[in-house]
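The lines below spell out each chain.
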Amino acid sequence: MTFHVMIIPTLDCPSNCEYCWGSKKDSGMMEIEVIEQIVNWLDGFRDDYVHFTFHGGEPLLVGYDFYKKALPMLKNATTHKEAGFSLQSNLWLIDEKLAKLFAEYNVAISTSIDGPLEINDHQRGKGYFDKTMKGYKIATDNGVRVSFICTFTSYSKDYEKEVYNFFLENGYNIKLHAALPSMRGNNADPWALSQEDHGKLLISLLDRYLNDLDKIEIKDFDHICKSSFMRRGTLCTFADCMGDTLAIGHDGNIYPCYRFNGMEEWVMGNVSDNPSMEDLTKSKAWKKLEEFKSFVDEDCADCTYIKFCRGGCPYNGIVATGTAKSVDPQCIAYKMIFKEVSDRANKDFLKSSMPPLMGNSNQNQKKKYSVMDLMLKR
């Protein structure tokens, strides 16, 4: 198993996306000493490979010199087994120097684009698209792997075809997000997708994707189908992530996930104190998440999908209800897509077990892939 450590160098960000809930202007910047403390803290913490993700805010704000020191420090340390690096950035601040460094350490980058320029900039601000795509070219020209995150909102859901075709025509691999409310303020609320709209959108996008598996990759559907097949969650939204993912803020504070970063009531400890996993489980934050797990075990006990959904994301549930005794507010959407996948898989299985009817040749039709293809995809 891989242990996921999310490093949040800052919550600050130069962009001003309308529905953003994760950034905080004028927040602190991580010093390299915190990376040293992370390395020391990991000594004996777990005997698993560690994957490091730099997140934010905008993690590139800490600059080249920070990464020039941090990457080898994390990669070459003898206190843990390093499994790789990733980084989430809008890419506005990347230059050739940084790109070459990230390529050297095989840092996989995810960047956010919500579709064509007009749709993207309506949601993320004028000029965002051009700045990010300029950074994308610098990164890829220097050998960095870049994939995209696309957030669908109450606005962009009506432009599903245009958004999908943008990624398809450019051959961009994507991960889907649904705009959600936040614990940090109410600016994101008008952009949030309703459960029914989210579910319908996922089903429609799955149908499109099954025509194009050889052209692009939509990671959500790969994971949803794999989770359904394996009967366990393979995407963080649908997995019991407690303890297998931890986030470190700019000051060394430890949180259950990057989404809680910067919120005092969710601090579990600090890397400077070298807390053990047992120490972290004594925190109030951990106990709140245990409440979430217990509630899901009881409330979702009769749900067909509990084994590979696990109530969805705890953060989403807590935002929606104000209590840990909750499930992800997108529960209906998740049930809709899991049912669709299950129904299609059953139909695929029946088709594969029946001999073809004479004269019923589909050779001249466009090849369409199946949910079973996704379930068995490597």
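Everything below is about the structure printed above this text.
Residues numbered from 1 in each chain as written. Predicted model: local features only at pLDDT ≥ 70, side-chain atom pairs only at ≥ 80, totals over all residues. Heavy atoms only, no water.

Caption draft 1: Region of the structure containing the packing of aromatic side chains. Counted under the stated rule, the structure contains 24 aromatic pairs. Here W92 and Y128 contribute two aromatic rings whose centre-to-centre distance is 5.3 Å and whose plane-to-plane angle is 65°, an arrangement assigned as edge-to-face. One end of the pair, W92, is in the loop between strand 3 (81–88) and helix 3 (96–104); the other, Y128, is in helix 5 (residues 128–141), and 36 residues separate them in sequence. The exposure class of W92 is partly exposed, given its relative accessible area of 21%. By relative accessible area, which is 2% here, Y128 ends up buried. Connected via pairs of aromatic rings, a cluster forms that spans F129, Y136, F148, F166, F167 and Y172. It is K97 that lies over the ring of Y64; its NZ or CZ is 4.3 Å from the centre. A cation over a ring is seen here: K131 above W92, with NZ or CZ 4.3 Å from the ring centre. (Phe/Tyr/Trp six-rings, centres within 6.5 Å; stacked < 30°, edge-to-face > 60°. Helix = DSSP H or I, 4+ residues; strand = E, 2+ residues; numbered from the N terminus. Buried < 20%, exposed > 50% of the residue type's maximum accessible area, 1.4 Å probe, protein only. Lys NZ or Arg CZ within 6 Å of the ring centre and 35° of its normal.)

Caption draft 2: Up close: unusual backbone geometry. Residue G56 is joined to G57 through a cis peptide bond whose omega torsion reads 10°. For G57, the position within the fold is in the loop between strand 2 (49–54) and helix 2 (64–76). The backbone of N106 shows a phi angle near 55°, a positive value even though the residue is not glycine. Of note, N106 is situated in the loop between helix 3 and strand 4 (107–112). Classification of N106 by relative accessible area gives partly exposed; the value is 48%. Residues other than glycine seldom take positive phi values, yet R310 does so here, at roughly 55°. Counting through the fold element by element, R310 comes out in the loop between helix 11 (306–309) and helix 12 (314–321).

Caption draft 3: Examining the environment of W41 more closely. Turning to its location among the elements, W41 is positioned in helix 1 (residues 32–41). A residue is classified by how much of its surface remains accessible, and W41, at 2% relative accessible area, is buried. Taking the C-alpha atoms as reference points, W41 and P275, separated by 234 residues in sequence, lie 7.2 Å from one another. Not counting residues within four places of it along the chain, the set of residues in contact with W41 comprises F3, L246, I248, I254, V271, N274 and P275. (Contact = heavy atoms within 4.5 Å.)

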